[in-house]
Amino acid sequence: MRLTVSLRIALLASVAASPAIAAPQSPAITQLAADDAAAGAAAEASEAAAEDAEIVVYGRGETRQVTEISAADIRLTVAGSSPFVTIQKLPGVNFQSADPFGVYEWSTRISIRGFNQNQLGFTLDGVPLGDMSYGNTNGLHISRAIIADNIGTTRVSQGAGALATASSSNLGGTIEFQSRELQEDFGIAANGTYGSQDTIRGYVAIDSGDMGGLRSSVSYAYLDAKKWKGVGTQRSHQVNAKASYDFSDSARLTGFVNFTDRKENDYQDLSLGMIQRLGYDWDNISGNWPLALQIAGIAANRGDVGGFVPRTPRPQLGTVYPAPIQTADDAYYDAGGLRRDWLTGLKLEGNLAETVTASLQGYYHSNRGQGSWFTPYLASPSGNDVSFRTTEYDISRFGFIGNIKAELGAHTVQASVWYESNDLNQARRFYDVTGATVPSTTALTYQANPFFSQWDNAFSTKTLQFSVQDSWAISDSFTVSAGFKGQDVSLRARENIVTGRLALGTIKNEDYFLPQVGALYKIDENNEIFANFTQNQRALIAAATSGPFATTQAGFDAIRANLRPERSTTIEAGYRFTAGPVRGVLAAYYVDFSNRLLATQNGAGIVGNPAVLANVGSVRSLGVEAGLTWQIIQPLTLTASYAYNDSTYRNDVTDVNGAVLQAIAGRTVVDSPRHIGNIELAYDDGQFYARGNANLMSKRFFTYSNDQSVGGRAIVDAKIGYRFASDSRWLDKIAIEASVTNLTDHRYVATIGSNGYGFSDDNQTLLAGSPRQVFVTLRKDF
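Residues numbered from 1 in each chain as written. Predicted model: local features only at pLDDT ≥ 70, side-chain atom pairs only at ≥ 80, totals over all residues. Heavy atoms only, no water.

### Comments concerning the overall build of the protein chain
Helices and strands together make up the secondary structure of the protein chain, namely 9 helices and 39 strands. Since a compact globule built from 782 residues should have a radius of gyration of about 28 Å, the 26 Å found for the protein chain is in line with a globular shape. Principal-axis analysis of the C-alpha atoms places the extent of the protein chain at approximately 85 × 65 × 50 Å. Considering the protein chain as a whole, with its 782 residues, one finds that 59% of them fall into the buried category. Looking at the protein chain alone, contacts between residues at least 24 apart form 69% of all its contacts between residues at least 6 apart. Here the protein chain holds 64 positive side-chain charges and 76 negative ones, and the gap between their average locations is 5 Å. (Helix = DSSP H or I, 4+ residues; strand = E, 2+ residues; numbered from the N terminus. Rg over C-alpha atoms; globule rule 2.2 N^0.38 Å. Buried < 20%, exposed > 50% of the residue type's maximum accessible area, 1.4 Å probe, protein only. Contact = heavy atoms within 4.5 Å. Lys, Arg positive; Asp, Glu negative; His and termini not counted. Charge placed at Lys NZ, Arg CZ, Asp CG, Glu CD.)

Spelled out as structure tokens, the structure:
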């Protein structure tokens, strides 16, 4: 605890006032990046934005499939939107959310090349964000880590991330977020948005400018958006602060402190049967507490719910649910998610010699979270047939990242080390709810004084990862890179309160040789070919809501002998080209991944019964990707992408004796659409600007047996805006714009797997996409 407090005090002292943003770098400082290729791509992105307003960069000079977008692209979406909304235009990226901003965390899902969200790696300015799972076990979502307006670039490695990436979950690719640059001069940026569902969203940032080597900034963002159906809201407060100090042309100290307080009411999870019977607009009955009590009482009379708390007999309610409700799971009263985070970082970087650079970075993250649900499955001791169930989170993690790079003639040698200690407490608790006409609490209230704890466990994860890599420029046109990383992850699970509900014990994941080999051949200055081979693993997770400990002790003991980290081997090759105003990439890949862990729900997902785990062997993915940007004329740009992906399970689920329990060999991986396409037309002449974007996707399966699926869909978004020109510094760059999401008002299923996946049932694991939403924004940029 002393280390935690000292680190936070040191960071606050170094920051004083400024948000998650990186200062412009001198030529010497520019060489400090641990991944030289990443630095080169960032420089290319800046040059492109300045010269031809290009906002998609196709990774020129990389030995891997890499694509990058800039802050200019984020500004083309609704103000405050998740950066995931912008990267869904990139080849092979599948992003879904049930809200128009893409920040409703229960619903947000991103996958790349058949790898789902918790099999990817995520970082912000190098700081690991974990796997971004809703259960909040080892990090935090990007929508809480930084204000969207403060993101400078987003870099997607579809197949394999850089070896130095601080992630133990990047079985597939990585998504690296880089904060925007601090301004050289004092300035203020702000925007305000109003729109559908009485949405109010605001942002303001103040940059100090350069004050003798010191730059700082502070920003604040607020969101209050009513749900597009039912009763409830998404509400958040965010503060980002950051400062940097240049000691000389070759040394810099940077620190940041980011705070977020988010509260959001949930949408009702649906099944296909519910959509057919009740429609896409069906939701929780949050505005009708007496009806919620009536449904719970009828469920008790029918024997659909039980629990150890004695229930008051209510024969007057009968045993027939009020139409159109048919089960207690059709209509819950309310649910919600609460998250409060502090994320801090401090980085020192500089030149050790003329051709040697190094950096050392420390970070700390604390989180308090609560998942809320008014449940009919357990009565309140005071007499109501509904109680208040929570899943509570408490994270305290810190870590250190070190990088060194040496330019040795034709060789560029890099080494990195990353250590993290993560302490997680998770508890499932129940609270009494009183009141006959309105409940005594809300889903957006942190609870106290539970009457029952179903489980209360503590988890510890210690991660040590290192890497070594050499990039050899054999000639001006041919470069080969080779390296490897090692990983040692130790997990421990114990009980804070003895309940015996979940698995306990220790697990160690270690592999000290995970190689990566790549090659780049430049045909000429406009054309190049790349190829890459990578092996990786996803370390197991220590948590009560995911991973091997999220089951019973008997279930854990049964699978423990076959419990292995998921592993992948990726081979990819591609061609990048520039032909006048056209730039693009074509790539193909083969992925073989083994020790695939499947978790199936036992009962209704929201009830939270321990999952059933199975090691189902391997998965194979084959695919091709294409991306294209064409500047038709100076103000008009066309961006398009297409990806074909064939991901299938290669083994059946069997018992210890080899008997087939579930025949899924040859079936398509859940939430893995075979076709993804995107086309966007953007116009910007300096004053008038507009954008139209269409995102297309084929059907997706949400059962392992592939007997349940949701159909394909095409979603169109649009924006139109005008900038007012002025000779005044304070009135320049003011703009007004209108944005529309789901322009055609298409009704569709956005998220699948919100409550996990089953083998063959029509589970309540779907979330409807939002209908057409309209927003107007007034903004002033730096």
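### Description of the nonpolar core
Ranked by size, the top nonpolar core spans 90 residues in total, and within it F84, L129 and F177 carry the most contacts. By residue number, the principal contributor to this core is helix 8 (residues 289-302), which donates 8 residues. Residues within four places of F84 in sequence aside, it is in contact with F95, I110, F122, M132, H141, I142, I175 and F177. Membership of the second largest hydrophobic core comes to 21 residues, among which are I395, L424, A539 and F556. (Core = buried A, V, L, I, M, F, W, Y, C linked by side-chain atoms within 4.5 Å.)

### Observations regarding the confidence of the model for the protein chain
Per-residue confidence for the protein chain averages 90 on the pLDDT scale, and 90% of its residues sit at or above 70. Contacts for the low-pLDDT stretch residues 1-53, under 50 throughout, to residues beyond four places or in other chains number 121 contacts. (pLDDT = per-residue confidence, 0-100.)

### Regarding a nonpolar patch on the surface
A surface patch of nonpolar side chains, about 700 Å² in accessible area, is lined by F186, I188, V204, I206, V218, Y220, V239, W730 and L731. Listing elements by their share of the nonpolar patch, those giving two or more residues are strand 11 (199-207) and strand 12 (214-226). Locating V218 in the fold gives a position in strand 12. (Patch = residues over 30% accessible without salt bridge, like charges linked within 9 Å, V, L, I, M, F, W, Y side chains within 5 Å. Areas by Shrake-Rupley, 256 points an atom, 1.4 Å probe, with all protein chains shown as cover. Salt bridge = Lys/Arg side-chain N within 4 Å of Asp/Glu carboxyl O.)

### Details of the pattern of salt bridges
Side chains that differ in charge, positive against negative, can pair when their charged atoms come close. Scanning the model with the defined rule gives 40 salt bridges in all. Its salt-bridge partner being E680, residue K89 comes within 2.6 Å of it at the nearest N-O pair. Here K89, found in the loop between helix 5 (83-87) and strand 4 (93-96), pairs with E680, found in strand 31 (residues 675-684); they are 591 residues apart in sequence, far enough to count as distant. On the accessibility criterion, K89 (4% relative accessible area) is buried.

### Some words on unusual backbone geometry
Here A323 and P324 are connected by a cis peptide whose omega angle stands at 5 degrees. Summarising the element assignment, P324 is placed in the loop between helix 8 and strand 15 (335-353). Positive phi, normally seen in glycine, also occurs at N742, with a value near 50 degrees. Phi angles above zero are rare outside glycine, and D745 is one such case at about 60 degrees. Mapping D745 onto the fold places it in the loop between strand 36 (734-741) and strand 37 (749-752).

### Remarks on the packing of aromatic side chains
The full count for this structure, using the stated rule, is 30 aromatic pairs. Centre to centre, the rings of Y104 and Y267 are 5.4 Å apart; their planes meet at 65 degrees, and the pair counts as edge-to-face. With a gap of 163 residues between them, Y104 in the loop between strand 4 and strand 5 (109-112) and Y267 in the loop between strand 14 (251-265) and helix 7 (272-278) connect regions that are remote in the sequence. In this pair, the class of Y104 matches that of Y267, namely buried. In textbook terms, an aromatic cluster arises when at least three aromatic residues are bridged by ring pairs, as seen for F84, F95, F122 and F177. Positioned over the ring face of Y134 is R339, at 4.7 Å from the centre of the ring. The ring of Y446 has R368 lying over it, and the distance from NZ or CZ to the ring centre is 4.0 Å. (Phe/Tyr/Trp six-rings, centres within 6.5 Å; stacked < 30°, edge-to-face > 60°. Lys NZ or Arg CZ within 6 Å of the ring centre and 35° of its normal.)

### Some details on the environment of T344
Tracing the chain through its elements places T344 in strand 15. A residue is classified by how much of its surface remains accessible, and T344, at 1% relative accessible area, is buried. Between the alpha carbons of T344 and R262 there is a distance of 18 Å; along the sequence they are 82 residues apart.

### What to know about the pairing of strand 15
One ladder, built from 15 bridges, connects strand 14 with strand 15; its direction is antiparallel. The partner of K263 across the bridge, within strand 15, is L338. Pairing of strand 15 with strand 16 (residues 356-375), which is carried by 18 bridges, proceeds in the antiparallel orientation. For E349, the partnering residue across the bridge sits in strand 16 and is S359. Here strand 15 folds back onto strand 16 in antiparallel fashion, the turn holding 2 residues. (Pairing = 2+ DSSP bridges.)

### Considering the side chain of N509
Among the secondary structure elements, N509 is positioned in strand 21 (residues 505-524). A polar atom in the side chain of N509 sits 3.2 Å from the backbone nitrogen of L540. Look past the residues within four positions of N509 in its chain and what remains in contact with it is Q487, D488, V489, L491, Q537, A539, L540 and P565. (Polar contact = N/O pair within 3.5 Å; in protein donor to acceptor, adjacent residues only side chain to side chain.)

### A look at helix 8
For helix 8, spanning 14 residues, the distance from its first C-alpha to its last is 20 Å, which sits close to the expected 20 Å at 1.5 Å a residue. Listed as buried for helix 8 are W289, L291, A292, L293, I295, A296, G297, I298 and A299. Where the residues of helix 8 are buried, they touch strand 16. N-cap assignment for helix 8: the residue whose side-chain oxygen lies 3.0 Å from the backbone N of L291 is N288. Remark: G303 follows helix 8 within two positions and exhibits a positive phi of approximately 85 degrees. (Expected span 1.5 Å × (residues − 1).)

### Some remarks on the environment of T390
Within the secondary structure, T390 sits in strand 17 (residues 387-408). Looking at T390, the relative accessible area reads 0%, which means it is buried. For the pair formed by T390 and F256, sequence separation is 134 residues and the distance between their alpha carbons is 32 Å. If we ignore the near neighbours within four places in the chain, the residues touching T390 are Q370, G371, A427, R428, R429, Y431 and Q447.

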